[in-house]
Amino acid sequence: MKKSLSILLFAGLITFVSCGPSKKDKETEIKQIESLRKDSIARLKNDLVKFKLLGKVHIFSEIKYQAVDSFGQIKKKGIDEKSTIVFNVEGNVTERKILLPNNSLKSKNIYKYDNNGNKIEGSTFGSDGRLTRKLIYKLDSIGNTNEVNTYETNGNLESKIIPICDKSGDCIEQKTYDSKGMLGLKYTYKYDKIRSVIEEKLFNPNGSLNYKYSYKNDANRHRIEKTVYNSSDKLEDTYTYKCFHDANGNMIKQIEYKNSIPTFIKEYVIKFY
């Protein structure tokens, strides 16, 4: 599977829905991840790997709650947002929906792929179900995305993103342009040995630093810390994450803290093919 860059910029009882992968399937997935850890040029990266999911996942749902510290216990205060991601049998995202607390639609994205599993088109729909923009992905000779054009509903170009990928197909730089071709923000990324992002920088059009983010990840490649630095490269905020996993290594719950204060609780439900 050739890697295609995805661009677009997610207490209580947890329900875990599983028709579970077979033992053989699970062993195969674990071997794939171990191969990825050892070989940074692995071509195994579909969207399941990007989302750090194991098994033949069909639907991945998230409920995001506001969190509150009640006498030392972290409790859910109220639903902030819901989201659902649908994967095809090849492990790539075909649909992503964001719902409001009352289950009404906030936005929806639909993605299309070529016969090689490379993303070639994305469509964004608003809360009323109407198309709001379309994305067209252009590919290089080995299937990496080298340009993404966003169009308005009238067909006019809205913006353009030019990514640069390394040998493993991971994005190490993105430049954004407006409809007139003027440079906007530039993003750069650094990775660790198992291809998890450990640093992200945003630069203004004049080259000055806008923001910097540093990340730490656990053995399952799930984020456990994010530090935010301002344009003067001074520490601004620190986010930490407490992660809970199922027997397969998939995350089923996460508690987010901002500067040691709990902010959100996220619960995940996974359905398999």
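Definitions and limits used
Residues numbered from 1 in each chain as written. Predicted model: local features only at pLDDT ≥ 70, side-chain atom pairs only at ≥ 80, totals over all residues. Heavy atoms only, no water. Helix = DSSP H or I, 4+ residues; strand = E, 2+ residues; numbered from the N terminus. Buried < 20%, exposed > 50% of the residue type's maximum accessible area, 1.4 Å probe, protein only. Areas by Shrake-Rupley, 256 points an atom, 1.4 Å probe, with all protein chains shown as cover. pLDDT = per-residue confidence, 0-100. Contact = heavy atoms within 4.5 Å. Core = buried A, V, L, I, M, F, W, Y, C linked by side-chain atoms within 4.5 Å. Salt bridge = Lys/Arg side-chain N within 4 Å of Asp/Glu carboxyl O. Phe/Tyr/Trp six-rings, centres within 6.5 Å; stacked < 30°, edge-to-face > 60°. Lys NZ or Arg CZ within 6 Å of the ring centre and 35° of its normal.

Some thoughts on the overall build of the chain
In terms of regular secondary structure, the chain is built from two helices and 16 strands. The burial tally for the chain puts 42% of its 273 residues in the buried class. Entry remark: accessible area of the chain is about 14600 Å², with carbon and sulfur atoms responsible for 51%.

Side note on unusual backbone geometry
One non-glycine residue with positive phi stands out, namely Phe71, at about 55°. Inspection of the secondary structure assignment puts Phe71 in the loop between strand E1 (57-70) and strand E2 (73-87). Owing to a relative accessible area of 87%, Phe71 belongs among the exposed residues under this scheme. Even without a glycine there, the phi angle at Ser260 is positive, about 75°.

What to know about the confidence of the model for the chain
Scored by pLDDT, the chain comes out at a mean of 86, with 84% of its residues at no less than 70. By mean pLDDT, helix H1 (residues 23-38) is the weakest element of the chain at 50, and strand E13 (residues 223-229) is the strongest at 98. Low confidence marks residues 33-44, where pLDDT is under 50. Its contacts with residues over four positions away, or in another chain, come to 22 contacts.

Thoughts on the nonpolar core
Nonpolar side chains tend toward joint burial in soluble globular proteins. The biggest cluster of nonpolar side chains holds 21 residues, and the ones touching the most others in it are Leu53, Val57, Phe60, Phe87, Val93 and Ile270. Elements with a minimum of two residues in this core: E1, E2, strand E4 (105-113), strand E6 (131-139), strand E14 (235-245) and strand E16 (261-272). If you look at the next biggest cluster of nonpolar residues, it comprises six residues, including Tyr65, Ala67, Ile255 and Tyr257.

Looking at the pattern of salt bridges
Overall, the coordinates contain 14 salt bridges when judged by the stated rule. With a shortest N-O distance of 3.6 Å, Lys134 and Glu121 are connected by a salt bridge. With Lys134 in strand E6 and Glu121 in strand E5 (residues 119-125), this residue pair connects regions lying 13 residues apart in the sequence. For Lys134, a relative accessible area of 30% gives the class partly exposed. Salt-bridge contacts for Asp128 lead to Arg130; the nearest nitrogen and oxygen are separated by 3.8 Å. Salt bridges sharing common partners tie together Lys112, Glu121 and Lys134.

Remarks on the packing of aromatic side chains
Per the stated rule, a full pass over the model turns up three aromatic pairs. Aromatic pair Phe51 and Phe87: ring centres 5.8 Å apart, planes at 85°, arrangement edge-to-face. With Phe51 in the loop between helix H2 (47-50) and E1 and Phe87 in strand E2, this pair connects stretches of sequence that are 36 residues apart. If you follow Lys76 out to its NZ or CZ, it ends over the ring of Tyr65, 4.5 Å from the centre. Its end group placed over the ring of Phe125, Lys108 keeps NZ or CZ at 5.6 Å from the ring centre.

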